[in-house]
Amino acid sequence: MDAFYLKYRPRAIRELDNRRVRRELEQILQQAELPHAFLFVGPKGIGKTSTARILAKVLACPHRRGLEPCNKCSVCRASDQGTNLDIIEIDAASNRGIDDIRRLREQVGLAPLQSANKIYIIDEVHMLTNEAFNAILKTLEEPPEHVYFIFCTTNPEKIPETVLSRLTTIRFQRASEEEIERALGRAIKGEHLKIGQKARHLLATAADGSFRDAHKLLYQLYLSEGKRITFAAAKKHLGRWLTILPREFLRLILTGEIEKALAVTRELEEKQVDFEDYLRRCLQAGQQLLFWRLGVEKPPLEAEINWLAEQTPERLAHLLADLTQALRQEKEVNIPALPLQLLVSGWATGPAENGGVAKEAAAPSVSTVPEAPKSETKVREAVRESEIKGSDAAKLAAVQEKWPAVMAAVKPMNHSVVALLKACRPIKVEGHKITLGVFYPFHRDRLAEERNRRIVETGLAKALGGRWQIACILTPKEDNKKEPPGGGGDDLYAAAKEIFG
Ligand SMILES: [Zn+2]
C-alpha cells in the first residue's frame, strides 16, 4: 500500500512538501557551522524519517553544492538506495537500542568509509533506555567532527532534559491540504494518472495531514480504478474513511447529528484509534473551521462547507474550548473514548455554557420555553427520558432536592455565580421554567444579567438534564421572614459580603 509513498517521496531538500520544515532546513544548511544533533518532532506519517534520510544524504555527499547533494556521485546513489554504510539507522522502538548504542559508542570515533560524514538516524528516540541516553549524551557533549545525529520522535517530553538541551529541534506539523496536493502531484504525474482537481481536493482532505495516508488512498484508488480516477469514484471509495475525519466529525456535532457523531466515536473505539491524537486533530480541524468562518483563510472547496455559514464564531470557539477540556480529561480517565463521548452528549442537550446558537440568544427567553431544534435526535430524547418529569409540584421538589448538584455544576464555570445561587432557592416550576426566589435585589439583578443567567441555565441542564430557563423574583429568606427585602445600603453590604466573603 505504500508503493506510491516510497516511490515518490521527496529526494532533495527543495522537494520537501512541508514548507516550514523545508525553510528551516534551508536556513540551517546555509550556516557555516552546522549543528551536530537534530531532533525532528511530530506525529506519525508526516515525513520525519524521509526528511531525516534526505538531510543525511546532504550531509553524506562529499560534493555537496550549497543546500543539495550532488545527486551524481556513488555516495549519493548509495544513500538513495539505502545502502550507504555511513548512514546508520537505529530504531529505538525495536530493542530499546541497547546493542545499537553500544556499537555506536564503539564506532562513532571511526572515520566515515566513503561519505563526507557519518550520520546516525535514531527513530522513536524517546524509547531509548536511560543507559542508552547516558551513553549518547557523552558523544553529544563532544561530537567528533564528522559525526551527525538526527533523532526522530513523537514524544519529545520523554527525552531527558540534558539530552534535549543539546539538540536543534525542528517541529513537523500535519500537512496542509495544499502541501498534500503538491506531494500527490509527483505520483500523479509519474504514473500518468488522470484525476481531476475536485478528486484531488477530496483526497487531500481525506488524508487529514498525512502524506503517507494520502499516497495510500491514491494507490488504493489506482488499484481499483486504473489510471482514470473520477470524482464520483473517489467519493465512493473514500466515503467510509471521510466520515471519521475530524472535520466531518465536528460538522456532525455542530449541525446536531449527535447520533451519528456518537456512532463515529464507537467506530474510532473499535479501530483502537489513539483518542488523544484524535482530539488534537479535532482541535486543529476546529481551528481551521474557525479561521474559515471568520474569513481569515479561504476554504479550498466552499461547497463542502456550506453548513459552516450557519455557525456563529462563538459556537465554534465554544466547541474548541470543550475539545481542549476533553483533551485534558483524556489523561485522567482509563476509558479513552469517554471524554469525547461526554462532549458529544453534552452538545445533545442543547447549548452548554454560552454555547447557544445566535438565534436563541436573540430570543426573549426568560418567559418562553425554547423549541427544540429541528435536528433533535433519539439521543436527545434519551436524555429527556432521564429528565425530571411529572407534575410541576413534583418537578419543584426534585429541583430543590438536586439544588446542590446544580451549584456543583455551576462552580467550575463561575465562582461568583455560585455565591449568587446560595442567596436564592427554587420556589416554582412551570414546564421548563424555574422561578428562583432571591433574597436581595442586588443578587436578583446580577442573576438576571444575561451572562449569569446563561451560566445558571447551563448548570441546570447539566445537573437536571434537558433545557431550563430561569426567572428571578424577590422573596424573603425563610429564616428571616420579617426582614423586609428592601434595597438599602445594609442590603447591598450583606450581598457583597455574601459574594466576596
Ligand atoms: Zn553526491
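Visitor: Before we go on, may I ask you to explain the sheet that holds strand β2 (residues 87–91) in this structure?
Guide: Backbone-to-backbone hydrogen bonds join strands into a sheet, with any given pair of strands oriented parallel or antiparallel. Here five strands make up an open sheet; going across it, the order is β2-β3-β4-β1-β5 and the pairing parallel. Strands with a single pairing partner mark the edges of an open sheet, and in this sheet they are β2 and β5 (168–171). Sheet twist, expressed as the mean angle between neighbouring strand axes with direction ignored, is 20°. Lying on the sheet, helix α2 (residues 19–30) is in contact with β1 (37–41) and β5; it crosses β5 at an angle near 155°. Strand contacts of helix α3 (residues 48–60): β1, β2, β3 (118–123) and β4 (147–153), with the helix running at about 175° to β4, the strand carrying the most contacts.

Visitor: Looking at this model, I keep getting lost on helix α6 (residues 98–107). Mind explaining?
Guide: For the α-helix, the turn length of 3.6 residues means that residues three or four positions removed from each other point alike. Among all positions in α6, only D100, I101 and L104 are buried. For α6, the angular spread of the buried residues around the axis is 95°, confining them to a single face.

Visitor: I would appreciate a short explanation of the coordination of the zinc ion in the present structure.
Guide: For a metal with four tetrahedral donors the ideal donor-metal-donor angle is 109.5 degrees, whereas six octahedral donors ideally subtend 90 or 180 degrees. For the zinc ion, every protein donor is listed as C61 (SG), C70 (SG), C73 (SG) and C76 (SG), and the spread of their distances is 2.3 to 2.4 Å. Coordination at the zinc ion is tetrahedral: its four donor atoms span angles of 101 to 121° at the metal. Read in sequence order, the donor residues coordinating the zinc ion give the pattern C-x8-C-x2-C-x2-C. One end of the pair, C61, is in the loop between α3 and α4 (74–81); the other, C76, is in helix α4, with 15 residues separating them in the sequence. The class for C61 is buried, based on a relative accessible area of 4%. On the basis of relative accessibility, which here comes to 1%, the residue C76 falls in the buried class.

Visitor: Would you mind showing me how to read the packing of helix α23 (residues 441–448) against helix α24 (residues 450–464) here?
Guide: Two packed helices can be described by the angle between their axes and the distance between those axes. The geometry of α23 relative to α24 is characterised by a closest axis approach of 5 Å and an angle of 80° between their N-to-C directions. It follows that α23 is roughly perpendicular to α24 by the angle criterion. The segment α23 lies against α24, with R446, L447 and A448 engaging E450, N452, R453 and V456. Of the residues that constitute the contact of α23 with α24, the class distribution is three nonpolar, one polar and three charged.

Visitor: I tried to follow the sheet that holds strand β10 (residues 469–474) on my own but got confused; where do I start?
Guide: Read across the open sheet, the three strands follow the order β8-β9-β10; overall the sheet is mixed. What marks the edges here is a single partner per strand, and that holds for β8 (424–430) and β10. Mean inter-strand twist for the sheet, computed between neighbouring axes without regard to direction, equals 30°. Against the sheet, helix α20 (residues 392–401) engages β8 and β9 (433–438), with an angle of about 155° to β8. Across the sheet, α24 is in contact with β9 and β10; its angle to β10 comes to roughly 120°.

Visitor: I keep staring at the packing of aromatic side chains and nothing clicks. Help me out?
Guide: Two aromatic rings, taken as a pair, are described by how far apart their centres are and by the angle between their planes. The final tally for this structure, using the stated rule, is eight aromatic pairs. Here the aromatic rings of F149 and F151 are separated by 5.8 Å at their centres, their planes lie at 45°, and the arrangement is tilted. Of the two residues examined, F149 and F151, each falls in the buried class. With centroids separated by 6.2 Å and ring planes inclined at 35°, the aromatic side chains of Y219 and Y222 adopt a geometry described as tilted. With Y219 and Y222 both in helix α11 (residues 211–225) and three residues apart, this pair spans about one turn of that helix. Here the aromatic cluster, defined as three or more aromatic residues joined through ring pairs, consists of F4, Y8, Y219 and Y222. Sitting above the plane of the F231 ring, K198 keeps its charged end 4.2 Å from the centroid.

How each quantity is defined
- Residues numbered from 1 in each chain as written.
- Predicted model: local features only at pLDDT ≥ 70, side-chain atom pairs only at ≥ 80, totals over all residues.
- Heavy atoms only, no water.
- Pairing = 2+ DSSP bridges.
- Helix = DSSP H or I, 4+ residues; strand = E, 2+ residues; numbered from the N terminus.
- Axes fitted to C-alpha atoms, helices over the stretch in contact; angles between N-to-C directions.
- Contact = heavy atoms within 4.5 Å.
- Buried < 20%, exposed > 50% of the residue type's maximum accessible area, 1.4 Å probe, protein only.
- Arc of directions from axis to C-beta.
- Donors = N, O, S within 2.8 Å, 3.2 Å for Na, K, Ca; no water.
- Tetrahedral: all angles 85-135°; square planar, octahedral: opposite > 155°, others 65-115°.
- Parallel < 35°, antiparallel > 145°, perpendicular 65-115°, else oblique.
- Nonpolar A, V, L, I, M, F, W, Y, C, P; charged D, E, K, R; others polar.
- Phe/Tyr/Trp six-rings, centres within 6.5 Å; stacked < 30°, edge-to-face > 60°.
- Lys NZ or Arg CZ within 6 Å of the ring centre and 35° of its normal.

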